[in-house]
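Each chain, letter by letter, is given below.
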Amino acid sequence: MKNLLFLILSSVIFFSCNESPETKFEKDGVSFICPQGWAITDQENLDGDGYYISIEKDGFNSSGLAIISWFDNFDNNFSFEDHLRFWEEGLKEELTLDASNIIFGDYYDNTFNNSRSMSTNYTFNFLGIPHDGTINIIHSADKKISVVFQGAIEDKAKNKKGFEMIENNFKFE
């Protein structure tokens with residue numbers, strides 16, 4: 001019985017410590033590499049009008065989070081600023097962020113993997129730990145794309161390589 005218990009515990013520890021493998025994501029003309037040690041934890045078709053993907057860094061104490069979403073054939077009058085305000089309102093509505101004094105910076109022109117974008121940075125506290133994030137908005141002829149990166153400030157160096165891999169391999173049609 002002792003040997004069986006040891007084998008079960010050893011297996012649980014071994015398999016729970018494995019990193020998620022690097023994977024390529026492709027859907028509706030959007031593609032990127034999900035880095036090793038990161039996993040797609042949620043994805044949802046937005047009623048045929050777009051898509052939502054959540055990517056998290058492996059590990060119980062990890063804070064890295066990337067959210068990629070897009071809308072197809074979105075209102076052409078919806079500006080970069082409108083799209084950023086839409087994200088700000090959504091983040092403010094989240095109970096955990098609302099209670100954590102989320103603060104947004106000014107909007108600024110930016111590039112995301114060589115594509116013109118508009119961005120804003122934000123900060124908040126989660127369970128007393130300072131976090132920051134960046135919202136990137138990219139408009140193409142057919143899509144309005146949002147890419148959000150956030151994590152604990154103390155984990156910035158740990159999350160940097162994963163965020164860079166996602167950005168450097170991000171493509172859309």
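A. Structural detail: the overall build of the protein. Helix and strand counts for the protein come out as four helices and 11 strands. Taking all 173 residues of the protein together, 40% fall into the buried category. Partitioning the contacts of the protein with sequence separation of at least 6, the portion at a separation of at least 24 is 45%. Summed over its atoms, the accessible surface of the protein is roughly 10,500 Å², and 52% of this surface lies on carbon and sulfur atoms.

B. Geometry of the nonpolar core. Judged by nonpolar contacts, the single largest core of 19 residues is most densely connected at Phe32, Ile53, Ile55, Ile68, Trp70, Val147 and Phe170. For this core, the secondary structure elements donating two or more residues are β2 (30–34), β4 (50–57), β5 (65–72), β10 (143–152) and α4 (156–168). Residue contacts for Phe32: discarding those within four places in its chain leaves Thr23, Lys24, Phe25, Ile53, Ile55, Ile68, Ile166, Asn169 and Phe170. One finds Leu84, Ile102, Phe104 and Met118 within the second-largest nonpolar core, a separate group that totals 14 residues.

C. Representation of the side chain of Ser63 within the structure. Inspection of the secondary structure puts Ser63 in the loop between β4 and β5. Judged by relative accessible area, Ser63 falls into the buried class, the value being 16%. A polar contact of 2.8 Å, which involves the side chain of Ser63, links it to the backbone nitrogen of Ala152. When near neighbours in sequence (up to four residues on either side) are disregarded, Ser63 contacts His131, Gln150, Gly151, Ala152, Asp155 and Asn159.

D. Spatial organisation of the pairing of strand β7 (residues 108–112). Examined bridge by bridge, β7 and strand β8 (residues 115–126) share five bridges and lie antiparallel to one another. Looking across to β8, one finds that Tyr108 is bridged to Ser119. As consecutive antiparallel partners, β7 and β8 are separated by two residues, and within that stretch Asn113 has a phi angle of approximately 45 degrees, a positive value.

E. Spotlight on the environment of Lys27. Turning to its location among the elements, Lys27 is positioned in strand β1 (residues 23–27). Considered as a pair, Lys27 and Tyr51 are 24 residues apart in the sequence and their alpha carbons are 8.6 Å apart. Not counting the four nearest positions on each side in its chain, Lys27 is found in contact with Tyr51 and Trp70.

F. Structural detail: the sheet that holds β2. Strands sit in the order β1-β2-β11 across an open sheet of three strands; the sheet is antiparallel. Every interior strand has two partners, whereas the edge strands, β1 and β11 (171–172), have only one. Relative to β2, β1 runs antiparallel, the two being bridged by five bridges. What sits directly across from Lys27, in β2, is Val30.

G. Broad picture of the pattern of salt bridges. Under the criterion given, the structure shown has five salt bridges. Asp82 is paired through a salt bridge with Arg85; the nearest N and O atoms lie 2.7 Å apart. Of this pair, Asp82 and Arg85 both sit in helix α2 (residues 80–93), three residues apart, which is roughly one turn of that helix. Owing to a relative accessible area of 25%, Asp82 belongs among the partly exposed residues under this scheme. Here Glu164 makes a salt bridge to Lys160, at a shortest N to O gap of 3.8 Å. One end of the pair, Glu164, and the other, Lys160, are both in helix α4, four residues apart, so they sit about a helical turn from each other. Overall, Glu164 belongs to the partly exposed group, its relative accessible area being 37%.

H. Highlighting α2. In a regular helix each residue adds 1.5 Å, so 14 residues correspond to 20 Å; α2 covers 20 Å between its end C-alpha atoms and thus fits that length. Turning to α2, its buried residues are Phe80, His83, Leu84, Trp87, Glu88 and Leu91. Seen end-on, α2 carries its buried residues on one side only, within an arc spanning 140 degrees.

Cut-offs and rules
Residues numbered from 1 in each chain as written. Predicted model: local features only at pLDDT ≥ 70, side-chain atom pairs only at ≥ 80, totals over all residues. Heavy atoms only, no water. Helix = DSSP H or I, 4+ residues; strand = E, 2+ residues; numbered from the N terminus. Buried < 20%, exposed > 50% of the residue type's maximum accessible area, 1.4 Å probe, protein only. Contact = heavy atoms within 4.5 Å. Areas by Shrake-Rupley, 256 points an atom, 1.4 Å probe, with all protein chains shown as cover. Core = buried A, V, L, I, M, F, W, Y, C linked by side-chain atoms within 4.5 Å. Polar contact = N/O pair within 3.5 Å; in protein donor to acceptor, adjacent residues only side chain to side chain. Pairing = 2+ DSSP bridges. Salt bridge = Lys/Arg side-chain N within 4 Å of Asp/Glu carboxyl O. Expected span 1.5 Å × (residues − 1). Arc of directions from axis to C-beta.

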